[in-house]
Amino acid sequence: LLGVVEVPAYSLPAPITQRLGRRPVISSCFVTCGILLLLLLVLTFTTFYHEWISLMLVLLSYLLVCTSYQVNYLFAPELLPTTLRPWGTAACLIAAHLGFCVPPFLTNYLTEEQTLLVFGLCAVLAGMLVFLLPETNGQPLLETVADLRERLSHKKLNTTAEDINKP
């Protein structure tokens, strides 16, 4: 079932992010995923808990995580200037793959409820932290570190191509 969920998770984000932007899609995916995991945690302590509800919440959470991961492949390189893009993208991918190594260890040492709590809170926190990053959809890519410094010093994180080309 997880493989079936990955098909829409990897094919639908491109047109959605083109229209809505990278930050809102990533943030909403993470926050919604976290809320679903925390809801699953609450449901485990109630009489409404059924295995099919648990399966649906986990599959939806997985779909949202896969979607945010797919959008991050677009977003991370766009944040960096051309001179740093290959190294920065590689560092982001290495950090992501190291992050994939952590959950199996957590699930071995924590109870199911503690795991849901940790993963749910981390997802909500990640969704909120995404808004500290600039939106890159429809923005010109930065060429040099000086361009990045200039953009950050003017606090114009959402500039357009016309703004950058003005004298």
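Residues numbered from 1 in each chain as written. Predicted model: local features only at pLDDT ≥ 70, side-chain atom pairs only at ≥ 80, totals over all residues. Heavy atoms only, no water.

- The chain is annotated in an unreviewed UniProt entry as Major facilitator superfamily (MFS) profile domain-containing protein of Cherax quadricarinatus.
- UniProt, in the comment section headed Subcellular location (unreviewed entry), describes the chain in these words: "Membrane". (UniProt positions renumbered as here; feature names shortened; annotations may be inferred.)

## Concerning the layout of surface pockets
Consideration 1: Here the largest pocket is characterised by a volume of approximately 1300 Å³.
Consideration 2: Lining the largest pocket are 37 residues, and of these Phe30, Val65, Gly99, Phe100 and Pro103 sit closest to its centre.
Consideration 3: For the lining of the largest pocket, the secondary structure elements donating two or more residues are α3 (22–44), α4 (51–79), α5 (85–109) and α6 (112–129).
Consideration 4: Counted by class, the lining of the largest pocket contains 29 nonpolar, seven polar and one charged residues. (1 Å grid on protein atoms, 1.4 Å probe; cavity = no way out; pocket = protein on both sides within 12 Å on 5 of 7 lines; lining within 4 Å. Points joined across faces, edges and corners; volume = space filled by probe spheres on them. Helix = DSSP H or I, 4+ residues; strand = E, 2+ residues; numbered from the N terminus. Nonpolar A, V, L, I, M, F, W, Y, C, P; charged D, E, K, R; others polar.)

## Topic: the pattern of salt bridges
If the charged atoms of two oppositely charged side chains come close together, the side chains can form a pair.
Consideration 1: The tally for this structure, following the rule as stated, stands at one salt bridge.
Consideration 2: For Glu78, the salt bridge identified is with Arg22, shortest N-O distance 2.9 Å. With Glu78 in helix α4 and Arg22 in helix α3, this pair connects stretches of sequence that are 56 residues apart. Like Glu78, the residue Arg22 is buried in the burial classification. (Salt bridge = Lys/Arg side-chain N within 4 Å of Asp/Glu carboxyl O. Buried < 20%, exposed > 50% of the residue type's maximum accessible area, 1.4 Å probe, protein only.)

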